[in-house]
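Observations on the model geometry
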Amino acid sequence: MKIDYERELNPPQWEAVRHAEGPLLIVAGAGSGKTRVITYKVAYLIDSGRAHPAEILAVTFTNKAAREMRERVENLLGNLAAAPLICTFHSFGVRVLRRHAERLGFRRDFTIYDVDDQKRLLRRIQKDLGLSSSSLPVDRVRSVISRAKNQRWSPEDYLVGSHDFDAAILAEIFRRYQTELRRSGGMDFDDLILLTVELFQRFPDLAESYSRRYRFLLVDEYQDTNSLQCELLRLLTCAHRNITAVGDEDQAIYGFRGADVTNILRFEEQFPGARVIKLQQNYRSTANILEAASALVSHNENRREKRLWTEAGAGDLLTMFVAEDPAAEAEFVAREVGRFLEWGESGIAVLYRTNFQSRQFEEVFRRWSIPYRLVGGVSFYERKEVRDALAYLKVIRRPDDDISLLRIINEPSRGIGAATIQRLQEHVHDHGGSLWQAIQWAVEERTLGPRAVLSLKAFGELIEGLRTLSREAPAIALDEILKRSGYRAALEMEDTEEAGDRLLNLQELLTVASGFGPGDESWQEFLDQGSLHTELDEIDEHAAVTLMTLHNAKGLEFSVVFLVGLEDGLFPHARAIEDRAIEEERRLCYVGLTRAKKKLYLTYSRRRRLYGASAQGFSTPSRFLKELPRELLEVQGEFAFGRRTYDTPVELKAAALQSLESNRKGRPFSGNTLNTVADVKRALADRTENEQVVEKPARFRVGELVRHERFGVGQVLAVEPADEDDLKVTVRFLEAGVKRLLQRYARLQRA
DNA sequence: GAAGTGTTAAATCGC
DNA sequence: TTAACACTTC
């Protein structure tokens, strides 16, 4: 054998790797070499001659994980004549459905509709039903529909089984959504799994042939499977029982898309006689980090107790930093990052709960010339111009694809406005068929205004003319499309920086496309990768600092991790608090903590502008901070004022006084005492204790100084409308003894 | 009726 | 920062 497995793996790891036949569950704690074990297992199966590479199917949840696993296997074994199939659940579904979708009444060249397409369609439907998007947010509709589909509910089933307040409306939207989706011959992400399961259930022979073909099945991140994926795995093991699942229930963070932790907890029930091997030695983090993470997650009730241990030393304490506002938080992070970069450290990550938090960090990093890599956010394939270009390609292949057609019908503007489109849709609604057919009808019958007919005719001819291009390679077709549709010209005309970027992106897309030859399959592959792709990661691959959400960080490790925005409402997210889904948030926090190898920073901001509020609100430190053992934390640099932080209270006081002086505007003002370290610590330990109320209503302006009889001088930090006549005023008092943020409704005095 | 311009509100997580 | 919406101009 090429590899000395016994030397490279610890005893339980090696045991898991050599367990070739029969069901196996590897319960792997964070940093216990989970990915290593599963890749070594793939290698071992091949290396030992137990499996031909083509008999192995390894399923992951993200493209990134699949790609990495492929690379690792290749590193271990070198180039193989045949490669094992390593892909995501969704791309496996696509693979199967592209071959057999006809059996379910779909065309094989069905279109995959992603989130953006779904939203466009749903908005349209809601509009048709006369519902404003504000009363029923499209994201909520989408999640309801997705949940229903993952339960395999039809719109009618949903109506019966749901307790939602507006179930009837939701069911109707759901019904129309399904109809439209089917009519344009499309599948959404949920369908990719759902329909694969349906296919296998209706045609057991097919399931069996797949099961026979892939005699060894490996599943990564098993705790994140939903019931459909679980069913798919069951179907894929109908001809054998060689399934190896790796997972950690403490890292289950995809409940929101239907993942169900009980799948991993019941693995032995589903696959009787399964072996369970636990990996509990952590090779990643220092003892302090590991201890903090374990302490945190032990607050969860829904879990098996396990004991992670490490041979590593205690390492540094965790550093907690309290910033005055998000800008100061970002500056602190940038400063620390700068120090690590000087020391030559390169594995640094800034992890946050929600994508919008990335902006403040990007801004500071750019200002300080710190090269960073942003994962997620608006990715290449989500850009408008890229999606438009792909929509053109889809339409010239299959003009009946309504959703793609709608995207480009007036892009660039060609005189087909909302009213005309409305008419076309009415026609489709009354007479059936597709929009494309409705356009033909409008041109022939001339029932619309002459201008509209002219524009539609030109559009029809444009598409008709472009259709022959589908015989060429995608790159050639795309280039021609951009030319003839006037898309490129329109951007060139604009002559703005943004238009220039868009042109560059289209050029980039052409480069990607040029890797694909002519032919149906090649086109399909190109378009599918666009739909299933998440981010283009060759951009600044070697940047020392990575910015990403906690969800994106799963499975990765970094020497230094900054976990930022640790405020109640942000993390744990307000929605999770409302839904009483704190345990999943805590697991997410656990995932974040355990990404760090050597050094972990926890930061939060005392003020933050959220949800477009007109004023900055005050935040409460995340409840998770209180669940970490005090003795593992050091509080650092908490002296923040305005946008800056200061190393000592003396410096802080000087700066604050100066700022206050220049802002005084004739109001009474006297010297004051500022926060001390002890004050801040006490405030953190119990925030409510320090909250006070302003007794006298008055008029306030942000930034202005006020004086209170009892609490002394303070600065108005926010004034925001509350009820009709009321203003919510937030004041920070600077005198000793009272230092917290005071809130009170003050009567608005109208001018 | 379409296109261009200005304004305002909004924002979990992701295949 | 974006995207939907209202409003004006052609």
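The following paragraphs examine the structure supplied in this document. (Residues numbered from 1 in each chain as written. Chains lettered and ligands numbered in written order. Predicted model: local features only at pLDDT ≥ 70, side-chain atom pairs only at ≥ 80, totals over all residues. Heavy atoms only, no water.)

What to know about the nonpolar core
To keep things clear, this is the line we draw: The term nonpolar core refers to a set of buried residues drawn from Ala, Val, Leu, Ile, Met, Phe, Trp, Tyr and Cys, joined through side-chain atoms within 4.5 Å. Relative accessibility thresholds used throughout: buried, under 20% of the residue-type maximum; exposed, over 50%; partly exposed, between the two (1.4 Å probe, protein chains only). By the convention used here, residues are in contact when the closest approach between their heavy atoms is within 4.5 Å.
Core analysis: the largest hydrophobic core is formed by 49 residues, its most contacted members being L393, L424, I439 and L509. In contact with L509, not counting residues within four places along its chain, are F380, Y381, V386, A389, L390, L478 and F526. L195, L206, Y210 and L217 belong to the second-largest nonpolar core, a separate cluster that totals 47 residues.

Re the sheet that holds strand 1 (residues 24–28)
Counted only if it meets this: Between any two strands, pairing holds if DSSP finds at least two bridges. A helix here means a DSSP run of H or I that spans at least four residues, while a strand means a run of E at least two residues long, and both kinds are numbered starting from the N terminus. For helices, the fitted line uses only the C-alpha atoms of the stretch in contact; every axis is such a line through C-alpha atoms, and the angle between N-to-C directions lies from 0 to 180 degrees.
Strand order in the open sheet made by the six strands is 3-2-6-7-1-8, with parallel pairing throughout. Taken across any chain shown, the strands that pair with only one partner, and hence form the sheet edges, are strand 3 (85–88) and strand 8 (275–279). Across the sheet, the mean angle separating the axes of adjacent strands is 15 degrees when strand polarity is ignored.

Observations regarding the pairing of strand 7 (residues 243–247)
Within strand 7, five of the five residues are buried, leaving the element largely enclosed by the surrounding structure. Alternating residues of strand 7 divide into I243, A245 and G247 and T244 and V246, and every residue in both groups is buried. The pairing of strand 1 with strand 7 spans four bridges and is classified as parallel. Paired with V27 across the strands is G247, a residue of strand 7. Note that strand 6 (residues 216–219) and strand 7 share three bridges and pair parallel. Across the sheet, the residue bridging to L218 is T244, located in strand 7.

Considering unusual backbone geometry
Here E411 and P412 are connected by a cis peptide whose omega angle stands at 0 degrees. Inspection of the secondary structure puts P412 in the loop between helix 19 (402–408) and helix 20 (418–431). Here F571 and P572 are connected by a cis peptide whose omega angle stands at 5 degrees. Within the secondary structure, P572 sits in the loop between strand 13 (558–563) and helix 28 (574–578).

Here we look at helix 11 (residues 204–213)
Inclusion rule: Arc, as used here, means the arc of the directions from the helix axis to the C-beta atoms.
Inspection of helix 11 places L206, A207, Y210 and S211 among the buried residues, and these make up the whole buried set. Buried residues of helix 11 fall within an arc of 135 degrees about the axis and therefore sit on the same side. Turning to helix 11, the residues buried within the fold contact helix 5 (89–100), helix 10 (189–202) and helix 12 (227–236).

Quick look at the environment of E324
Structurally, E324 can be placed in the loop between strand 9 (318–323) and helix 16 (326–342). Between the C-alpha atoms of E324 and R284, which are 40 residues apart in sequence, the distance is 32 Å.

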